[in-house]
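Spelled out, the chains give:
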Amino acid sequence: MSIKGGRRRLAMGAVATATAGLALGAFALSGTANGATETAAGADKHAKPTVVLEHGAFADGSSWNGVISRLRADGYPVIAAANPLRGPASDATALRAVLEHVKGPKIVVGHSYGGNVISEAATNDPDVKALVYVAAFLPAPGESALELTNKYPGSTLPGALNPVTYQQTGGSTVTDLYIQQDKFRHQFAADVPPKQAALMAAEQRPIAQTALEEKATTAAWKTIPSWDIITTEDLNIPPAVQRFMAKRAHAHTTEVAASHSVTVSHPRLVADVIERAARATVR
């Protein structure tokens, strides 16, 4: 074998080895992004659970940005699911698809109407180790978000809404609910800086009116340990309603003087409660 030919073969071998390494690295990164807890060396007994976040009405996944950055800094894989905001049953189907895709133990978190969705989606899922409700609904079967909101006085949401009705292809009509932009900060995000609240108002995602009227069929909080952050300055879901639901669910509660947008105004507190739930339920 000539030295020249040997060098060529050695170089080709090095390229092949590097390519295989890159492919393995890409697979490992993909696995981590999907919440996998296995590595090439085998299962990591100390891997942290994946946190799956479900936003509520008048918000989107970016409402979790501050929470996500803190959870990731502490080593937690995180997915912020997109909530269609069409109705608890169909939205739970969408979230369930995400949960089934994520391998290993999970902590599932819902804000506002997202609480309705996680209560449906997590039912009978053995990999969901804890539920965390953040200024959220914890409905029992047969209850709707609208019914619970009106259980005690204090919500000023109806007067701030801007309904938009449109016709679907099949001829049926749908009414989407927005919060009027000039009322958004006071109603939804009073403790968020004005410029940031204005961006949130412009970017808000509407919820179908029927979603707030649809009754729950299951309640995962009956069998899965639950934590609840109660926002005492909330104008969407009255604090008395939040306390009622938390007590009924035997949830571990944390109260904070915050608006409904507590995920934006107090991300460290929200992340701390999520991590507390993870440490208590995943060994």
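In this text the structure is predicted, and so the values were computed from the model without any measurement.

Novice: Explain the overall build of the protein to me, please; I cannot follow it from the model alone.
Specialist: A tally of helices and strands in the protein yields 11 helices and 11 strands. Within the protein, buried positions represent 46% of all 283 residues. Restricting to contacts in the protein with at least 6 residues of sequence separation, those with at least 24 account for 71%. Total accessible area on the protein stands at roughly 13,600 Å², and carbon and sulfur atoms take up 58% of it.

Novice: What's the story with the environment of Thr254 in this structure? I'm lost.
Specialist: Relative to the helices and strands, Thr254 resides in strand S11 (residues 252-256). We classify Thr254 as buried; its relative accessible area is 16%. For Thr254 and Val270, which are 16 residues apart along the polypeptide, the C-alpha to C-alpha distance reads 9.6 Å.

Novice: Please explain the nonpolar core as it appears in this structure.
Specialist: Nonpolar side chains in soluble globular proteins generally cluster together in the buried interior. Of all hydrophobic cores here, the largest spans 48 residues; its most connected members are Phe58, Leu95, Leu131, Ile179, Phe184, Ile207 and Trp221. Among all residues touching Trp221, those that are not within four sequence positions of it are Ser119, Leu131, Tyr133, Leu138, Pro139, Ala140, Ser226, Arg248 and Ala249. The next biggest cluster of nonpolar side chains, apart from the first, holds 26 residues, and it includes Val78, Trp227, Ile229 and Val270.

Novice: What should I look at first to understand the sheet that holds strand S9 (residues 207-208) in this one?
Specialist: Strand pairing in a sheet is mediated by backbone hydrogen bonds. Such pairs are either parallel or antiparallel. Overall, antiparallel pairing links the 3 strands, which are arranged S7-S8-S9 in an open sheet. Two strands in the sheet have a free side with no partner beyond their single neighbour: strand S7 (161-167) and S9. The sheet contact formed by strand S8 (residues 173-179) and S9 spans 2 bridges and is antiparallel. Among the inter-strand pairings, Leu177 is bridged to a residue of S9, identified as Ile207.

Novice: Help me out: how do you make sense of the pairing of strand S4 (residues 78-81) in this one?
Specialist: Regular strands place side chains that alternate from one sheet face to the opposite one. Note: strand S3 (residues 50-54) against S4, 4 bridges, orientation parallel. Paired with Glu54 across the two strands is Ala81, which belongs to S4. Following the chain from S3 across helix H2 (residues 65-73) to the adjacent parallel S4, one finds a crossover that is right-handed.

Novice: What is the right way to look at the sheet that holds strand S10 (residues 226-231) in this model?
Specialist: Within the open sheet, the 6 strands sit side by side as S4-S3-S5-S6-S10-S11. Their pairing is parallel. Both edges of this open sheet fall to S4 and S11, since each of them pairs with a single strand only. Neighbour-to-neighbour, the strand axes of the sheet open up by a mean angle of 15°, direction not taken into account. By the bridge criterion, 4 bridges tie strand S6 (residues 128-134) to S10 in an arrangement that is parallel. Residue pairing across strands places Tyr133 opposite Asp228, the latter belonging to S10. Against the sheet, helix H9 (residues 239-248) makes contact with S10 and S11, and its axis sits at roughly 165° relative to S10, the strand it touches most. Packed onto the sheet, helix H11 (residues 267-281) meets S3, strand S5 (106-111), S6, S10 and S11 and runs at close to 165° relative to S10.

Novice: Would you explain the packing of aromatic side chains in this entry?
Specialist: Ring pairs (aromatic) are described by centroid distance and by the angle formed between their planes. Inspection of every chain in the model, using the stated rule, returns 3 aromatic pairs. On the numbers, 5.0 Å between centres and 40° between planes, the contact of Phe184 with Phe188 is tilted. Of this pair, Phe184 and Phe188 both sit in helix H6 (residues 181-188), 4 residues apart, which is roughly one turn of that helix. Residue classification places Phe184 among the buried positions, given a relative accessible area of 0%. Here a set of aromatic residues connected by ring pairs shows up, and it is made of Phe58, Phe184 and Phe188. We note Lys151 situated over the ring of Phe244; from NZ or CZ to the ring centre the distance is 4.7 Å.

Novice: Help me out: how do you make sense of the pairing of S10 in this one?
Specialist: Burial analysis of S10 places 6 of its 6 residues in the buried class, which makes it a mostly covered element. Burial along S10 is two-sided: Ser226, Asp228 and Ile230 and Trp227, Ile229 and Thr231, pointing in opposite directions, are all buried. Two elements, S10 and S11, share 5 bridges in a ladder whose sense is parallel. By the bridge assignment for S11, Thr231 is matched with Val256.

Novice: Looking at this model, I keep getting lost on H11. Mind explaining?
Specialist: An ideal rise of 1.5 Å per residue puts 21 Å on 15 residues; H11 measures up with 21 Å between its terminal C-alpha atoms. Taken together, the buried positions of H11 are Pro267, Val270, Ala271, Val273, Ile274, Glu275, Ala277 and Ala278.

Novice: I would appreciate a short explanation of the pattern of salt bridges in the present structure.
Specialist: Working definition: two side chains of opposite charge can pair if their charged atoms are close together. This structure, assessed with the given rule, holds 9 salt bridges. Note that Arg243 and Glu255 form a salt bridge whose closest N and O atoms lie 2.7 Å from each other. Of this pair, Arg243 sits in helix H9 while Glu255 is found in strand S11, placing the two residues 12 residues apart along the sequence. On the basis of relative accessibility, which here comes to 37%, the residue Arg243 falls in the partly exposed class. Glu255 gets classed as partly exposed once you look at its relative accessible area, which sits at 42%. Residues Glu275 and Arg279 are paired through a salt bridge, measuring 3.9 Å at the closest nitrogen-oxygen approach. Note that Glu275 and Arg279 are positioned in helix H11 at a spacing of 4 residues, about one turn of the helix. Through salt bridges with shared partners, a single network forms among Asp74, Arg268, Asp272, Glu275 and Arg279.

What counts as what
- Residues numbered from 1 in each chain as written.
- Predicted model: local features only at pLDDT ≥ 70, side-chain atom pairs only at ≥ 80, totals over all residues.
- Heavy atoms only, no water.
- Helix = DSSP H or I, 4+ residues; strand = E, 2+ residues; numbered from the N terminus.
- Buried < 20%, exposed > 50% of the residue type's maximum accessible area, 1.4 Å probe, protein only.
- Contact = heavy atoms within 4.5 Å.
- Areas by Shrake-Rupley, 256 points an atom, 1.4 Å probe, with all protein chains shown as cover.
- Core = buried A, V, L, I, M, F, W, Y, C linked by side-chain atoms within 4.5 Å.
- Pairing = 2+ DSSP bridges.
- Right-handed = clockwise from strand over helix to strand, strands pointing away.
- Axes fitted to C-alpha atoms, helices over the stretch in contact; angles between N-to-C directions.
- Phe/Tyr/Trp six-rings, centres within 6.5 Å; stacked < 30°, edge-to-face > 60°.
- Lys NZ or Arg CZ within 6 Å of the ring centre and 35° of its normal.
- Expected span 1.5 Å × (residues − 1).
- Salt bridge = Lys/Arg side-chain N within 4 Å of Asp/Glu carboxyl O.

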